[in-house]
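# Summary of structural features
Now for the letters of each chain:
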Amino acid sequence: MPNASSWSASSPLLLLWEDSSGTRIFLSLLYAVLAISGTLSNVMVIYLVFSFKKLQTTSNAFIVNGCAADLSVCALWMPQEAVLGLLPPNSSSLRSAEYRLLRGGLLGLGLTVSLASHLLVAFNRYVLITKLPSVYQALYQRRHTGCMIGLSWALALLLVPLLPGLWTPGSAQQPPPRQTDGSSRYTALLLALAVLGQTALLLHCYLGIVRRVRGSAKRVGVLTFLLLHQLPFPAAPAPPRRAQRRLSSVSVLLLCCVFLLGTQPLVWVSLLGFFLRPPPPALQAASWLLLCSLSALNPLLYTWRSEEFRRAARSVLPRG
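The sections below set out a description of the structure shown in this document. (Residues numbered from 1 in each chain as written. Predicted model: local features only at pLDDT ≥ 70, side-chain atom pairs only at ≥ 80, totals over all residues. Heavy atoms only, no water.)

## Side note on the overall build of the protein chain
Our working rule: Numbering of helices and strands runs from the N terminus; a helix is a DSSP stretch of H or I covering at least four residues, while a strand is a stretch of E covering at least two. Three labels apply to residues, based on accessible area from a 1.4 Å probe with only protein chains included: buried if under 20% of the type maximum, exposed if over 50%, partly exposed otherwise in between. Pairs of residues are marked as contacts when any of their non-hydrogen atoms sit within 4.5 Å. All accessibility values rest on the Shrake-Rupley procedure with a 1.4 Å probe; residue burial counts only the protein chains present in the view.
Each helix and strand in the protein chain was counted, giving 13 helices and 0 strands. When the helices and strands of the protein chain are listed from N to C terminus, the series reads α-α-α-α-α-α-α-α-α-α-α-α-α. Counting all 320 residues of the protein chain, 52% fall into the buried class. Sequence separation of 24 or more characterises 79% of the internal contacts of the protein chain that already satisfy a separation of 6 or more. Total accessible area on the protein chain stands at roughly 15,400 Å², and carbon and sulfur atoms take up 69% of it.

## Notes on a nonpolar patch on the surface
As a reminder, the rule being used: Each patch is built from residues lacking any salt bridge and having more than 30% relative accessible area; the joining distance is 9 Å for like charges and 5 Å for nonpolar side chains (Val, Leu, Ile, Met, Phe, Trp, Tyr). Here, a salt bridge means any Lys or Arg side-chain nitrogen found within 4 Å of an Asp or Glu carboxyl oxygen.
Among the surface-exposed residues, Leu254, Leu297, Leu300 and Trp304 lie close enough to one another that they form a single nonpolar patch of about 370 Å² accessible area. Counting through the fold element by element, Leu300 comes out in helix H12 (residues 281–303). Note on Leu300: relative accessible area 49%, which makes it partly exposed.

## Quick notes on the packing of aromatic side chains
Note on aromatic pairs: each is described by the distance of the centres and the angle between the planes. This is how it is decided: Centres within 6.5 Å make a pair out of two Phe, Tyr or Trp rings, where for Trp the six-membered ring is used; the pair is then stacked when the planes are under 30 degrees apart, edge-to-face when over 60, and tilted otherwise.
For the structure on display, the rule yields 4 aromatic pairs. Seen in terms of ring centroids, Tyr31 and Trp77 are 5.5 Å apart; in terms of plane orientation they differ by 90 degrees. Their pairing is edge-to-face. Placement of the pair is Tyr31 in helix H2 (residues 21–51) and Trp77 in helix H3 (residues 58–84), with a sequence separation of 46 residues. For the pair Tyr31 and Trp77, one class covers both residues: buried. For the pair Tyr136 and Tyr140, a centre-to-centre distance of 5.0 Å together with 35 degrees between the ring planes defines the contact as tilted. Judged by its relative accessible area of 3%, Tyr136 is buried. One aromatic cluster in this structure is built from Phe62, Tyr136 and Tyr140.

## Some details on the packing of H2 against helix H13 (residues 307–316)
When two helices pack together, you describe them by how their axes are tilted relative to each other and by the distance separating the axes. Rules: Axis geometry follows a simple rule: fit a line to the C-alpha atoms, using only the stretch in contact for helices, then measure angles between N-to-C directions, giving values from 0 to 180 degrees. Reported orientations rely on four angle classes, namely roughly parallel under 35 degrees, roughly antiparallel over 145, roughly perpendicular from 65 to 115, and oblique for the rest. Amino acid classes used here: Ala, Val, Leu, Ile, Met, Phe, Trp, Tyr, Cys and Pro are nonpolar; Asp, Glu, Lys and Arg are charged; the rest, including Gly, are polar.
In contact at an axis separation of 10 Å, H2 and H13 are set at 95 degrees when each is read in the N-to-C sense. Between H2 and H13, the angle is such that the two are roughly perpendicular. Counting all contacts with H2, which are made through Met44, Val45, Tyr47, Leu48 and Val49, the residues of H13 involved are Phe309, Ala312, Ala313 and Val316. Within the contact of H2 with H13, the residues separate by chemical class into 9 nonpolar, no polar and no charged.

## Examining the nonpolar core
Inclusion rule: By nonpolar core is meant a set of buried Ala, Val, Leu, Ile, Met, Phe, Trp, Tyr and Cys residues that side-chain atoms within 4.5 Å join together.
In this structure, Trp77, Met78, Tyr206 and Tyr302 are the most contacted members of the largest nonpolar core, which totals 60 residues. When contributions to this core are tallied by element, the ones reaching two or more residues are H2, H3, helix H5 (97–130), helix H9 (181–215), helix H11 (241–275), H12 and H13. The greatest single-element share of this core, amounting to 11 residues, is contributed by H5. Ignoring anything within four residues of it in the chain, the contact list for Met78 reads Tyr31, Leu34, Ala35, Val73 and Cys292.

## Considerations on H12
How we decide: Any helix carries an expected span of 1.5 Å times its number of residues minus one. Note on bend: the value at a residue is the angle between axes fitted to the seven residues ending there and to the seven starting there.
Relative to the 33 Å expected for 23 residues at 1.5 Å per residue, H12 spans 34 Å between its end C-alpha atoms, a close match to the ideal helical length. At Ala296, H12 shows its maximal kink, close to 55 degrees; a proline, Pro299, follows between one and four residues later.

## Observations regarding helix H7 (residues 142–159)
Quick reminder: α-helices carry 3.6 residues per turn. Residues three or four places apart thus point the same way. Counted only if it meets this: The reported arc concerns the directions from the helix axis to the C-beta atoms and nothing else.
With 18 residues, H7 extends 26 Å from end C-alpha to end C-alpha; this agrees with the ideal 26 Å at 1.5 Å per step. Every buried residue belonging to H7 is among Thr145, Ile149, Ser152 and Ala156, and all of these are buried. Each buried residue of H7 lies within a common arc of 50 degrees when the element is viewed along its axis, so the set occupies one face. Set apart from the buried face of H7 by more than 90 degrees, the exposed residues are Arg143, Leu151, Leu157 and Leu158. Here the buried face of H7 lies against H3 and H5.

## Comments concerning empty space enclosed by the protein
To locate leftover empty space, one rolls a probe as large as a water molecule over the atoms. The line we're drawing: Every definition here rests on a 1 Å grid over the protein atoms only: cavities are sets of points where a 1.4 Å probe fits but cannot get out, pockets are open sets enclosed by protein on both sides within 12 Å along at least five of seven lines, and lining residues have some atom within 4 Å of a point. Grid points are joined across faces, edges and corners, and a volume is the space filled by probe spheres set on the points.
On inspection of all chains with the given rule, the structure shows 3 cavities of 30 Å³ or more. One number sums up the size of the second largest cavity: a volume of about 80 Å³. Together, Phe62, Ile63, Gly66, Cys67, Asp70, Ser114, Ser117, His118, Val121, Asn298, Pro299 and Tyr302 line the second largest cavity. Elements represented by at least two residues in the lining of the second largest cavity include exactly H3, H5 and H12. Counting residues per element, the lining of the second largest cavity draws most heavily on H3, at 5 residues.

## Focus: the pattern of salt bridges
Counting across every chain of the model gives 5 salt bridges. Among the ionic pairs, Arg311 bridges to Glu307, the shortest N-O distance being 3.4 Å. Here Arg311 and its partner Glu307 are both found in helix H13, 4 residues apart, which amounts to about one turn of the helix. Two residues, Glu308 and Arg311, come together in a salt bridge whose shortest N-O distance is 3.8 Å. A residue pair is termed a helical-turn pair when its members lie 3 or 4 positions apart in one helix, as Glu308 and Arg311 do in helix H13 at 3 residues. The class of Arg311 is partly exposed, set by a relative accessible area of 41%. One network of salt bridges, in which partners are shared, links Glu307, Glu308, Arg310, Arg311 and Arg314.

Here it is as structure tokens:
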């Protein structure tokens with residue numbers, strides 16, 4: 001029997017070749033729910049930002065960039081997985097190398113740009129709160145912001161072809177060739193280290209925000225200078241300073257916890273598989289599911305506490 005662990009370690013897909021029909025149907029339904037909810041939420045955020053001038057800020061430009069990347073996962077990749085999960089394992093669609101490459105490319109491109117957008121948003125807010133307004137304005141000019149967004153896509157386009165062992169799964173009936181196991185293990189290790197480094201930078205930015213907001217009531221007043229409503233806590237009406245500092249800290253920490261829950265299982269599962277032994281396929285599948293589910297949750301993470309986004313959404317959604 002083929003080695004299921006080596007097969008699942010080289011594939012980002014949650015549909016494993018040995019899964020029962022019940023498991024595949026369950027995963028297909030889960031994909032469908034995430035695809036519908038993620039597509040609607042990402043499209044809604046993009047539409048609101050382009051439709052309301054108050055929302056056209058630098059921080060929201062990075063959020064829209066992440067939403068566009070998440071659409072690659074929610075609107076293009078997940079629906080295909082939902083349909084393929086209902087097909088028999090010996091389907092010709094599952095055996096097509098070109099089709100598998102396309103699906104893997106969509107997933108790799110979307111996740112790479114999405115993770116880069118998380119870091120861009122965190123760094124933008126860190127500079128806004130911890131640096132002088134003049135520094136923020138000089139760094140985040142329109143041209144510089146466009147270059148940052150363009151670099152996130154250029155980086156993704158360069159990395160996706162370099163990760164064939166990770167983004168391109170094997171056949172649904174057969175595991176990948178044995179000679180690719182070593183390269184896929186090193187690819188998974190590099191992915192884990194990259195996500196771990198990105199997470200460390202993101203936590204540094206958000207924890208720096210928490211320290212500054214909690215340690216300086218005067219600095220909280222400066223937040224209204226430009227983008228207070230873009231932070232993950234309400235902008236108006238302004239609560240008392242002590243309550244505002246406590247609310248901002250809890251909201252930022254909650255955002256970090258959700259991000260860690262979505263990314264770190266895959267990191268540690270990959271490290272475990274490289275240094276010790278391959279973890280069970282179900283554990284690997286669950287770690288990938290958590291990472292992919294972030295594409296559906298990201299719009300809510302950055303807009304759920306924004307009064308400006310809520311007002312804009314209420315103005316376009318039907319009353320009642």
